[in-house]
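One letter stands for each residue in the lines below.
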Amino acid sequence: NAGVTQTPKFQVLKTGQSMTLQCAQDMNHEYMSWYRQDPGMGLRLIHYSVGAGITDQGEVPNGYNVSRSTTEDFPLRLLSAAPSQTSVYFCASRPGTRSVDEQFFGPGTRLTVL
Amino acid sequence: ILNVEQSPQSLHVQEGDSTNFTCSFPSSNFYALHWYRWETAKSPEALFVMTLNGDEKKKGRISATLNTKEGYSYLYIKGSQPEDSATYLCAPGSGGGADGLTFGKGTHLIIQP
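The notes below deal with the structure included here. Everything numeric in this text was worked out from a predicted model, so none of it was measured.

**Describing the interface of chain B and chain A**
Phase 1 of the analysis: Across the boundary between the two partners, chain B contributes 23 residues, which contact 23 residues of chain A.
Phase 2 of the analysis: Each partner contributes to the roughly 1700 Å² buried at the junction of chain B and chain A, and carbon and sulfur atoms together form 63% of this total.
Phase 3 of the analysis: Put simply, chain B and chain A have zero salt bridges between them.
Phase 4 of the analysis: Taken together, the links from chain B to chain A amount to four residue pairs in polar contact (both at pLDDT 80 or more).
Phase 5 of the analysis: For the side of chain B that touches chain A, the elements supplying multiple residues, two or more each, are β4 (30–38), β5 (45–50) and β9 (86–94) of chain B.
Phase 6 of the analysis: It is β4 of chain B that provides the largest number of residues to the side of chain B that touches chain A, a total of five residues.
Phase 7 of the analysis: Across the side of chain B that touches chain A, the residue classes tally to twelve nonpolar, eight polar and three charged.

**Remarks on the sheet that holds strand β8 (residues 76–78) of chain A**
Residues and elements named next belong to chain A.
Phase 1 of the analysis: Strand order in the open sheet made by the four strands is β1-β3-β8-β7, with antiparallel pairing throughout. Each edge of the sheet is formed by a strand with only one pairing partner; in this case those strands are β1 (4–7) and β7 (64–66). Within this sheet the neighbouring strands show an average axis-to-axis angle of 20°, counted without direction.
Phase 2 of the analysis: Taken together, the three bridges between β7 and β8 define a ladder with antiparallel strand orientation. Directly across from Val66, in β8, lies its bridge partner Leu76.

**Examining the packing of aromatic side chains**
Residues and elements named next belong to chain B.
Phase 1 of the analysis: The full count for this structure, using the stated rule, is 14 aromatic pairs over all chains.
Phase 2 of the analysis: Measuring from centroid to centroid gives 5.4 Å for Phe21 and Tyr88, while their planes differ by 45°, and the two rings are tilted. You can see Phe21 sitting in strand β3 (residues 19–24) and its partner Tyr88 sitting in strand β9, a full 67 residues away along the chain.
Phase 3 of the analysis: Between the aromatic rings of Tyr36 and Phe103, the centroid separation amounts to 5.5 Å while the plane-to-plane angle is 50°, which identifies the pairing as tilted. Of this pair, Tyr36 sits in strand β4 while Phe103 is found in the loop between β9 and β10 (107–112), placing the two residues 67 residues apart along the sequence.
Phase 4 of the analysis: Overall, the relative accessible area of 7% leaves Phe103 in the buried class.

Rules used in this analysis
- The residue numbering used here restarts from 1 in each chain and proceeds along that chain's sequence as written.
- Working convention: letters from A go to chains and numbers from 1 go to ligands, in the order in which they are written.
- Selection of residues for local features in this predicted model requires a pLDDT of at least 70, selection of side-chain atom pairs for listing and counting requires 80 or more, and totals for whole chains, interfaces and linings are taken over all residues.
- Computation of side-chain values: all heavy atoms of the structure, hydrogens and water removed.
- In this description, contact between two residues means that some pair of their heavy atoms is separated by no more than 4.5 Å.
- Buried area is understood as the total, over both parts, of accessible area removed when two parts are fitted together, assessed with a 1.4 Å probe.
- Between Lys or Arg on one side and Asp or Glu on the other, a salt bridge is scored when a side-chain nitrogen of the former is within 4 Å of a carboxyl oxygen of the latter.
- Between N or O atoms, a polar contact is any pair within 3.5 Å; within protein, one atom must be a potential hydrogen donor and the other a potential acceptor, and residues adjacent in sequence are included only when both atoms are from side chains.
- Secondary structure elements follow DSSP: runs of H or I no shorter than four residues count as helices, runs of E no shorter than two count as strands, and numbering proceeds from the N terminus.
- The nonpolar class holds Ala, Val, Leu, Ile, Met, Phe, Trp, Tyr, Cys and Pro. Asp, Glu, Lys and Arg form the charged class, and all remaining residues, Gly among them, are polar.
- A pair of strands is treated as paired once DSSP finds two or more bridges between them.
- Helix axes use the C-alpha atoms of the stretch in contact, all axes being lines fitted to C-alpha atoms, and the angles between their N-to-C directions lie in the range 0 to 180 degrees.
- What counts as a ring pair is set by centres within 6.5 Å for rings of Phe, Tyr and Trp (its six-membered ring), and what kind of pair is set by the plane angle: stacked under 30 degrees, edge-to-face over 60, tilted for all other angles.
- Only protein chains enter the calculation, and the probe is 1.4 Å; a residue is then buried if its accessible area is under 20% of its type maximum, exposed if over 50%, and partly exposed in between.

See below:
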């Protein structure tokens, strides 16, 4: 199993550009989520999904869209990039929707918005 | 959004010494408490998931305890080694847990040879 994979590893955008961060998992996990990690702020939840076709907002959803058309994939879309979105983005998955399940993280995408 | 506090923020420990740090969280609506280890330039890796008051978990030299009534958990490392250097994150889950975990800011541990 590859586990949770993310692409790209690094990305530089100009303000106003859009892009999609890809996340995939091959563990047949129901639950997937996106976090951003900023210095002094810890990991903050952006969006999550409890299954294909179902998504919901986390703590910091503004400026991001998600969709979940398959169990495996959970892309994160930046609609119009802003410098405040410069961050490291982590995708995570866990087997079920309950918080007792161990969560697995991808390797992260480092995004810089100029 | 839960209020999760971890202390200390950073810690320097001599190789061979034992150490511990704290995670505090709201005791109401508790469901589970996760501990993660996060090495620089890597992704967080799960250490423990704890659910019951009085729970104790152990993995090698690392152990954790849980007090859900007062809302805290301790992580202990016995005989610290340089490879233990990392940031240790805790994350409580509340209610049914369908929403994401709320992470503390972590304790950054540096083991000095």
